[in-house]
Amino acid sequence: MTVHSQPLHIVLYEPEIPPNTGNLIRLCANTGAGLHLVEPLGFSLEEKALRRAGLDYHETARVQVHATLSDCLAVLGKGRESLRVFAVSTRGSVAYHQPDYQPGDVLLFGPESRGLPEAVLEGPEVTARVRIPMQADSRSLNLSNAVAIITYEVLRQLDFPALL
């Protein structure tokens, strides 16, 4: 499967917690989504906690590491007329289920401890800021849970390509 035939792309900007990334390797292996990690990473891809969470899915998931977000988006946008990037943030103005997702869309998530920086959220490549509705006094959801929620909404809208 090439980068352009994947139903969606999950980009983790400077991820910090190995088990979250391991869980997402497993999610991507089971959904056909591409997983893109933007450096610096807060861990080694060889860490035991990452491998344990990802179990034996490391061989079937498509994981790419990129030096910068610009490099990552350049790879994902190559050969495409346009690239739609949905930055996921508690500061988002659009609920995650409202966009009409398309094949090849990008879901961009920030580091666990601080979320996406304002400079990234304000970047010209961001199509929309989306959020998961939560209680008013809640800070955030676990990263791997948030990714799973939105990934399955995108796949539902796309009629679960290659999964049924």
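In this text, all values refer to a predicted model and were calculated from it rather than measured experimentally. (Residues numbered from 1 in each chain as written. Predicted model: local features only at pLDDT ≥ 70, side-chain atom pairs only at ≥ 80, totals over all residues. Heavy atoms only, no water.)

Draft legend 1. View of the sheet that holds strand 3 (residues 62-66). In spatial order, the strands read 3-2-1-6-4-7-5; together these seven strands make up an open sheet with parallel pairing. Across the chains shown, the open sheet's two edge strands, defined by having one partner strand only, are strand 3 and strand 5 (94-95). Taken together, the five bridges between strand 1 (residues 8-13) and strand 2 (residues 34-38) define a ladder with parallel strand orientation. Pairing of Val11 across the sheet is with His36, part of strand 2. Its contacts with the sheet place helix 1 (residues 18-31) against strand 1, strand 2 and strand 3, and it is angled at close to 155 degrees to strand 2. Sheet strands touched by helix 3 (residues 69-77): strand 1, strand 2, strand 3, strand 4 (85-88) and strand 6 (105-109). Its angle to strand 1, the strand with the most contacts, is close to 175 degrees. (Pairing = 2+ DSSP bridges. Helix = DSSP H or I, 4+ residues; strand = E, 2+ residues; numbered from the N terminus. Contact = heavy atoms within 4.5 Å. Axes fitted to C-alpha atoms, helices over the stretch in contact; angles between N-to-C directions.)

Draft legend 2. The arrangement of the packing of aromatic side chains in detail. Under the counting rule described, the total for this entry stands at one aromatic pair. Ring centres 5.1 Å apart and planes at 70 degrees place the aromatic pair Phe86 and Tyr101 in the edge-to-face group. One end of the pair, Phe86, is in strand 4; the other, Tyr101, is in the loop between strand 5 and strand 6, with 15 residues separating them in the sequence. On the accessibility criterion, Phe86 (2% relative accessible area) is buried. (Phe/Tyr/Trp six-rings, centres within 6.5 Å; stacked < 30°, edge-to-face > 60°. Buried < 20%, exposed > 50% of the residue type's maximum accessible area, 1.4 Å probe, protein only.)

Draft legend 3. Spotlight on the environment of Leu12. Topologically, Leu12 is positioned in strand 1. Linking Leu12 and Leu37, residues 25 residues apart in sequence, is a C-alpha distance of 5.0 Å.

Draft legend 4. Structural context of the pairing of strand 1. Counting buried positions along strand 1 yields six of six residues, so the element is predominantly enclosed. Residues Leu8, Ile10 and Leu12 point to one face of strand 1 and His9, Val11 and Tyr13 to the other, with burial holding for every one of them. Note that strand 1 and strand 6 share five bridges and pair parallel. Counted as the bridge partner of Leu12 is Phe109 from strand 6.

Function cannot be inferred from these measures alone, as they are strictly geometric.
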